[in-house]
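Descriptive analysis of the structure
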Amino acid sequence: MKTTITTLQKMKQDGQKIVMLTCYDASFATLMDEAGVDILLIGDSLGNVIQGQTSTLPVTMDQMVYHTGCVARGNREALVLADLPFGAYQQSPQQAYENAAKLMAAGAEMVKIEGGMVMVETVAFLAARGIPVCAHIGLQPQSVNVYGGFKIQGKTQHEAEVLKRDALALQQAGAAMVLMEMIPADLAKTVTESLSVPTIGIGAGVDVDGQVLVVYDMLGVFPGKKARFVKNFMHGVSSIQGAFESYVHEVRAATFPAQEHSY
Ligand code: KIV
Ligand code: NA
């Protein structure tokens, strides 16, 4: 059955974990969809893992549209979520709408934008005009130059309060989902309990409504330094399909992520 925003909402209510992976092409989309992955994310992480960039900042709208089309053609049932890249939405709600519409036309069913309170107006603008939005908070890789590196977020009392406030404001504005990257597990748990929309975590512990990993990280093919939250799902299986099935199983059973993958 086709996964929709309603399916995800119901999964949260029923306490069933949501499984997400990044995906950049049609063949992987077919494999992931058949393995039971609920959401395929065309992440701007493609800048790192496909293009060999050191950040996601150089990724363009044209590239996101191209990869979104590739994934959508290989997919059958999963929900297709696409990132708006750096510079494609920060200027104004109007700019965000114009570019989000291009991703939707290419096959996306939801778009993801990075930012807390500053994105509230944009989330409301898109949501009111037919574009479901996933808000990405915690570590926001497009802001790496502001952080001065990829660092865990929400560690101080103040940062944690701001993150909780932002999550609620984004939901209030109409966000369909909230993704939290690299924050303490107990903070992600508190936010998840305070929201009625589903939360997805990456480096946010097990007590969130769903998990995402970058596909090349979980297959062990990305040569860079491995983050704490990454697990190689090729260990103990003999195929990529097997790795996807194992990931689906472990996320659903809440055995991934373990303590060792969390902050
Ligand atoms: O671009 C990406 O892969 C992402 C995930 C890490 C959440 O945004
Ligand atoms: Na991204």
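Just so it is clear, the structure is predicted and the values come from calculations on it, not from any experiment.

The rules we used
- Numbering of residues starts from 1 in every chain and runs along the sequence as written.
- Chain labels run from A onward and ligand labels from 1 onward, assigned in the order the entries are written.
- Per-residue local features are limited, in this predicted model, to residues with pLDDT of at least 70; the limit for side-chain atom pairs, both in listing and counting, is 80 or more; totals at the level of whole chains, interfaces and linings are taken over all residues.
- Under the scheme used here, helices are H or I runs from DSSP no shorter than 4 residues and strands are E runs no shorter than 2 residues, and both carry numbers assigned from the N terminus.
- Here the globule rule reads 2.2 Å times residues to the power 0.38, and the radius of gyration is calculated from C-alpha atoms.
- Between the buried cut of 20 or more and the exposed cut of 12 or fewer other C-beta atoms within 10 Å of a residue's own C-beta lies the partly exposed class, and all C-beta atoms are placed from the backbone.
- With C-beta atoms placed from the backbone, a contact is any residue pair whose C-beta atoms sit within 7 Å.
- What the arc describes is the spread of directions from the helix axis to the C-beta atoms.
- A pair of strands is treated as paired once DSSP finds two or more bridges between them.
- Helix axes use the C-alpha atoms of the stretch in contact, all axes being lines fitted to C-alpha atoms, and the angles between their N-to-C directions lie in the range 0 to 180 degrees.
- UniProt positions are given in the numbering used here, feature names are shortened, and annotations may be inferred rather than shown by experiment.
- Note that the term roughly parallel is reserved for angles under 35 degrees, roughly antiparallel for angles over 145, roughly perpendicular for angles of 65 to 115, and oblique for everything else.
- Handedness of each helix crossing follows the sense of rotation of the near helix against the far helix: counterclockwise by less than a right angle gives left-handed, clockwise gives right-handed.
- Three categories are distinguished: nonpolar for Ala, Val, Leu, Ile, Met, Phe, Trp, Tyr, Cys and Pro, charged for Asp, Glu, Lys and Arg, and polar for the others, with Gly belonging to the last.

What follows concerns the overall build of the chain. When helices and strands are tallied, the chain shows eleven helices and eight strands. The C-alpha radius of gyration computed for the chain amounts to 17 Å, which stays within 12% of the reference 18 Å derived for 263 residues, consistent with globular compactness. In terms of overall dimensions, the chain has a C-alpha envelope of 45 × 40 × 40 Å along the principal axes. Every one of the 263 residues in the chain was classed for burial, and the buried ones make up 49%. Taking all contacts inside the chain whose residues are at least 6 apart in sequence as the whole, residues at least 24 apart take part in 63%.

On to unusual backbone geometry, then. The phi torsion of most residues other than glycine is negative, and most of the peptide bonds are trans. Phe256 connects to Pro257 through a cis peptide bond whose omega is 0 degrees. On the secondary structure map, Pro257 appears in the segment after helix 11 (240-252). Even without glycine at this site, Ala254 takes up a positive phi of about 60 degrees. The residue Ala254 is located in the segment after helix 11 in this model.

All of the buried residues along helix 6 (residues 120-127) are Thr122, Val123, Phe125 and Leu126. The arc that holds every buried residue of helix 6, seen down its axis, measures 165 degrees, which confines them to one face. On its buried side, helix 6 packs onto helix 5 (93-105), strand 4 (110-114), strand 5 (133-138) and helix 8 (157-173).

Overall, parallel pairing links the eight strands, which are arranged 1-2-3-4-5-6-7-8 in a closed barrel. Sheet twist, expressed as the mean angle between neighbouring strand axes with direction ignored, is 25 degrees. Direction of pairing for strand 4 relative to strand 5: parallel, over a ladder of four bridges. Opposite Val111, over in strand 5, you have Val133 as the bridge partner. Packed onto the sheet, helix 8 meets strand 5 and strand 6 (177-181) and runs at close to 175 degrees relative to strand 5.

Turning our eyes to something else, we now look at the environment of Met104. Relative to the helices and strands, Met104 is located in helix 5. Considered as a pair, Met104 and Tyr89 are 15 residues apart in the sequence and their alpha carbons are 14 Å apart.

Turning to the UniProt feature "binding site: Mg(2+)" (unreviewed entry) in the chain, a few remarks are in order. UniProt annotation of "binding site: Mg(2+)" (unreviewed entry) refers to Asp44, Asp83 and Glu114 when read in the numbering used here. A maximum C-alpha distance of 11.1 Å among these annotated residues, which run over 71 residues, shows that they cluster at one spot. Position of Asp83 among the secondary structure elements: in strand 3 (residues 79-83). Take Asp83: there are 30 C-beta atoms within 10 Å of it, and that puts it in the buried class. Beyond its immediate stretch of four places on either side in the chain, Asp83 contacts Ile42, Gly43, Asp44, Met64 and Lys112. Along the chain, Glu114 falls in strand 4. We classify Glu114 as buried; it has 25 C-beta atoms within 10 Å. In this structure Glu114 touches His136, Gln140, Gln142 and Ser143, once residues within four positions along its chain are discounted.

To continue, consider the UniProt feature "binding site: 3-methyl-2-oxobutanoate" (unreviewed entry) in the chain. Taking the UniProt record as the reference, the feature "binding site: 3-methyl-2-oxobutanoate" (unreviewed entry) is found at Asp44, Ser45, Asp83 and Lys112. Separation in sequence by 69 residues is not matched in space for these annotated residues, since their most distant C-alpha atoms are only 12.5 Å apart. Note that Asp44 resides in the loop between strand 2 (39-42) and helix 3 (46-49). When the 28 C-beta atoms within 10 Å are taken as the criterion, Asp44 is described as buried. In contact with Asp44, other than residues within four places in its own chain, are Thr56, Val59, Met64, Asp83 and Pro85. Note on placement: Lys112 falls in strand 4. The buried category is assigned to Lys112, around which 24 C-beta atoms lie within 10 Å. Contacts of Lys112, omitting those with residues within four sequence positions, involve Leu81, Asp83, Leu84, Cys134, His136 and Leu179.

Attention now goes to the environment of Lys226. The residue Lys226 is located in the loop between helix 10 (215-218) and helix 11 in this model. For the pair formed by Lys226 and Leu103, sequence separation is 123 residues and the distance between their alpha carbons is 30 Å.

Turning our eyes to something else, we now look at the packing of helix 4 (residues 61-74) against helix 5. Close contact between helix 4 and helix 5 brings their axes to 8 Å; oriented N to C, the two are set at 25 degrees. The angle between helix 4 and helix 5 falls in the class roughly parallel. For helix 4 against helix 5, the interelement crossing comes out right-handed. Along the contact surface, helix 4 presents Met61, Met64, Val65 and Thr68, while helix 5 presents Asn99, Lys102 and Leu103. Here the residues of the contact of helix 4 with helix 5 sort into four nonpolar, two polar and one charged.

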